[in-house]
Amino acid sequence: MTWQCQRVLLLNATYEPLTVVSARRAVVLTISERAETVHEDDDHLVAHSEQLAVAVPSVIRLRHYVRVPYRAQVPMTRAALMRRDCARCVYCGDRATTIDHVVPRSRGGANTWENCVACCAPCNRRKADRLLHEIGWVLHRLPTAPKGRHWRLLAAVSDIDPVWEQYLAA
Ligand SMILES: [Zn+2]
C-alpha cells in the first residue's frame, strides 16, 4: 500500500474523534505543527517529499481545540446500526446480516434509529411485513439513536481501522 491511500483519524485536542483525513492532509497538519501524532502507522509507511521523509501517522490530534457545531442526530447508516446492535439479530441473537424495520415500511414505519434493528435473514423472512405483537415477538431493548461524536464518525466511515478503536470508545 502506498502512503497516499492511508487514511488518518483526526482527534480534537481533547482526544474527541473529529473526522478521517487523507494521509497527505495529516502529514501537512503535523509538519505545520497544527497536529501531533498520537499513533503511528503500524505498517511504518513513510511519506516522502523533496526535502523530507515523514512517518505517516494513523491517528493525529490537533494541538488547539476546535469548536465543532453540535448536531443533535447522528445520521443512520447500515454500518453504524450494525455496530449499535453489535451485529447481532435483536430477535434471536444470531449474526445479523440484514436490517429490519420494526414497524414495516409498508405499514408506515420510518427509516430511523428508533425503528430499525439488526436482524438475521431467517427472522427477517419470518417477520415479513407483520407487527411484533401480531406474531408474539418482543424487543428486549427499545432501539434508540446513539449519542456522541464518535458515532457521527462511525456513521460516516464504513471501514474503521482497528487501530482507531481505542480512540472511538465512548
Ligand atoms: Zn434472528
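Refer to the structure presented above.
Per chain, the residues get numbers from 1 upward, laid out in the order the sequence is written. pLDDT decides what is reported in this predicted model: residues at 70 or higher carry local features, side-chain atom pairs at 80 or more are listed and counted, and totals for whole chains, interfaces and linings draw on all residues regardless. Heavy atoms throughout the structure, all of them, feed into the side-chain values; hydrogens and water do not.

## Some words on the pattern of salt bridges
The line we're drawing: A pair is scored as a salt bridge if a Lys or Arg side-chain nitrogen falls within 4 Å of a carboxyl oxygen belonging to Asp or Glu. Numbered from the N terminus, helices here are DSSP runs of H or I no shorter than four residues, and strands are runs of E no shorter than two. Only protein chains enter the accessibility calculation, which uses a 1.4 Å probe. A residue is then buried if its area is under 20% of the maximum for its type, exposed if over 50%, and partly exposed in between.
Tallied over the full model, the rule gives 6 salt bridges. Linking Asp100 and Lys127 is a salt bridge whose minimum nitrogen-to-oxygen distance equals 3.0 Å. Taken as a pair, Asp100 in strand E7 (residues 98-101) and Lys127 in helix H3 (residues 121-127) lie far apart in primary sequence, 27 residues in all. Per residue, the accessibility class of Asp100 equals that of Lys127, and both read buried. What emerges from the salt-bridge pattern is a single network uniting Glu36, Arg61 and Arg63.

## Description of the packing of aromatic side chains
Worth spelling out the cut-off: Stacked, tilted and edge-to-face pairs are distinguished by plane angle, under 30 degrees for stacked and over 60 for edge-to-face with tilted covering the rest, among Phe, Tyr and Trp rings (Trp via its six-membered ring) whose centres lie within 6.5 Å.
Overall, the coordinates contain 1 aromatic pair when judged by the stated rule. With 5.0 Å between their ring centres and 50° between their planes, Tyr91 and Trp137 make a pair best called tilted. Of this pair, Tyr91 sits in the loop between helix H2 (78-84) and E7 while Trp137 sits in the loop between helix H4 (132-135) and helix H5 (149-156), and the two are 46 residues apart along the sequence.

## With respect to the side chain of Ser58
Put simply, the test is: Two residues qualify as a contact provided that any one of their heavy atoms is within 4.5 Å of a heavy atom in the partner residue.
Along the chain, Ser58 falls in strand E6 (residues 57-62). Assessed through its relative accessible area of 1%, Ser58 is described here as buried. Look past the residues within four positions of Ser58 in its chain and what remains in contact with it is Gln6, Arg7, Val8, Leu9, His39, Glu40, Asp41, Asp161, Val163 and Trp164.

## Here's the deal with helix H1 (residues 23-31)
Worth spelling out the cut-off: By definition, the arc is the one covered by directions from the helix axis to the C-beta atoms.
When we look at burial in H1, the residues that qualify are Ala23, Ala26, Val27, Leu29 and Thr30. In an axial view of H1, the angular spread of the buried residues amounts to 160°, which keeps them on one side of the axis. Phi turns positive one or two residues past the end of H1, at Glu33, with a value near 60°.

## Concerning the side chain of Arg61
Stated formally: Polar contact is the term for a pair of N or O atoms within 3.5 Å; when the atoms are in protein, one must be able to donate a hydrogen and the other to accept it, and sequence-neighboring residues count only if both atoms are side-chain atoms.
Within the secondary structure, Arg61 sits in strand E6. A residue is classified by how much of its surface remains accessible, and Arg61, at 17% relative accessible area, is buried. A distance of 2.9 Å separates the side chain of Arg61 from the backbone oxygen of Ala13, its partner in a polar contact. Apart from the residues lying within four places of it in its own chain, the contact partners of Arg61 are Leu11, Asn12, Ala13, Tyr15, Arg34, Ala35, Glu36 and Val38.

It is worth stressing that arrangement in space is one thing and function is another; only the former is reported here.
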